[in-house]
Structure formats: structure tokens, C-alpha cells
Amino acid sequence: MKRIRHWKVAAATALGALPLGTALAIPIRLDTTPYIQPATTLPGNPPNQGVPTVHNWLQDLVQAYNLQNDPDLPVVAASPSLEYTENRKDVQSLSINVTGYTYLTVHWGGKKSSDHSQAWYLGGALENFQLVSPTGRGLSGYRLWNYVPPDVMRIPEGGTTLTLLGLGLLATFIWPRRARHSHP
């Protein structure tokens, strides 16, 4: 009788630990409201396209996102993992491979046009991403940030950890009982 109670406690723990939809929908566009004006004081475009300036702009966008959302997005690496720069006035749409990258920043031609820079959180789970010019101007370049190789084990988010813990507790109480009943 005592073992059955323990089993019920373990089962309740395992079921209570199941995540309730904490996964992020990706991609997340970071350079738009609510993560920039008027909700924050961040400008919609960085003042120039130098790596330190774009890095600081992207990190500010991530911090603005993190203030309003949970779970938090990771810190942006100090430099891009991949940088493509080629002034292509003829390219207004392009599909790129983003496998394993966490962030993407894009620069479209023209210095003073609105929306000439864009930023996304990719989460490392997307394979391809379609770039489309919002202004009709050509592609100046893009940067992919925070590369995580596919063979590197990722730390599970909180809901997954709790689920695994609950299933482990459940197995701790079920396994000895099954082993005892399977032997004559």
C-alpha cells in the first residue's frame, strides 16, 4: 500500500513538471515595436554599420526584448560568426542558410531610409531564412551571430529540465516494482 502512494506522488510530480508552452516562436523580429520606439528609447537603425555599432544596437534590442519577455534571449557575441558584405543593388530578396545561428542582422542600401537595418532572433533552430527588402533597395550585407555547432549539446530550457526530473522520479518508483513482479 505504501508503494502505491509513493507511485502516486511520483506520477503527480512528473505530470506537474510538464512544460506549459514555454517555447519561443521563431524567428522574432527585434527591431520593431514593441522592442523599439515608442516602447523603448532605442532607435530603429544603428547610426552606422561598423561591427561594434551593430553589436551594441543588437544587444540593446535583446535587452529591450528581455525586459518584456520570459525566457530571456542570450547575450550577443562580441563579433559576428559570419559576415557577408557585398553591395548588391540588384538583390532585393535572398534565401540564406542560418543553421546553428542565434541572431541575424541585415543592412539594405541607403543611409537615411527608414528600416534599412533589421535584426532577428533565430534561436539556432532554423535552417533557411528569406531576406526581403522592406524598402525596395538592394542588399548591402548581413551578419550571423552566436553560432552553436549542431553537435554541441544544448542545455534544455527550464520546462524540459523539470519534465526530465519528474520522469526520473517516476521511473525511480516504478522500476523496482516492475523488477520485483517480473521474477517468480
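Worth saying up front: this structure is predicted, and the values here are computed from it rather than measured.

*Asks:* Before we move on, could you go through the environment of Asn 48 and cite the residues and values that matter?
*Replies:* With respect to the helices and strands, Asn 48 occurs in the loop between strand E1 (28-29) and helix H2 (51-68). Each C-alpha atom of the pair Asn 48 and His 107 lies 10.0 Å from the other, and the pair is 59 residues apart in sequence. Apart from residues no more than four positions distant in its own chain, Asn 48 is found in contact with Thr 53 and Val 54. At a separation of 2.9 Å, a polar atom in the side chain of Asn 48 contacts the main-chain amide nitrogen of Gly 50.

*Asks:* Please provide a residue-by-residue account of H2, values included.
*Replies:* With 18 residues, H2 should reach 26 Å at 1.5 Å per residue; the first-to-last C-alpha distance of 26 Å fits that figure. Where H2 is concerned, the buried positions are Val 54, His 55, Trp 57, Leu 58, Gln 59, Leu 61, Val 62, Ala 64, Tyr 65 and Asn 66. Where H2 is buried, its residues meet E1, strand E4 (101-108), strand E5 (117-121) and strand E7 (139-147).

*Asks:* Break down the sheet that holds E5 for me, citing the residues and quoting the values.
*Replies:* As summarised here, the arrangement of the five strands in space is E1-E5-E4-E7-E2, forming an open sheet in which the pairing is antiparallel. The strands lining the two open edges of the sheet, one partner per strand, are E1 and strand E2 (82-88). Bridging between E1 and E5 involves two bridges; their strand directions are antiparallel. Across the sheet, Ile 28 pairs through a bridge with Tyr 121, a residue of E5.

Rules behind the numbers
- Residues numbered from 1 in each chain as written.
- Predicted model: local features only at pLDDT ≥ 70, side-chain atom pairs only at ≥ 80, totals over all residues.
- Heavy atoms only, no water.
- Helix = DSSP H or I, 4+ residues; strand = E, 2+ residues; numbered from the N terminus.
- Contact = heavy atoms within 4.5 Å.
- Polar contact = N/O pair within 3.5 Å; in protein donor to acceptor, adjacent residues only side chain to side chain.
- Expected span 1.5 Å × (residues − 1).
- Buried < 20%, exposed > 50% of the residue type's maximum accessible area, 1.4 Å probe, protein only.
- Pairing = 2+ DSSP bridges.

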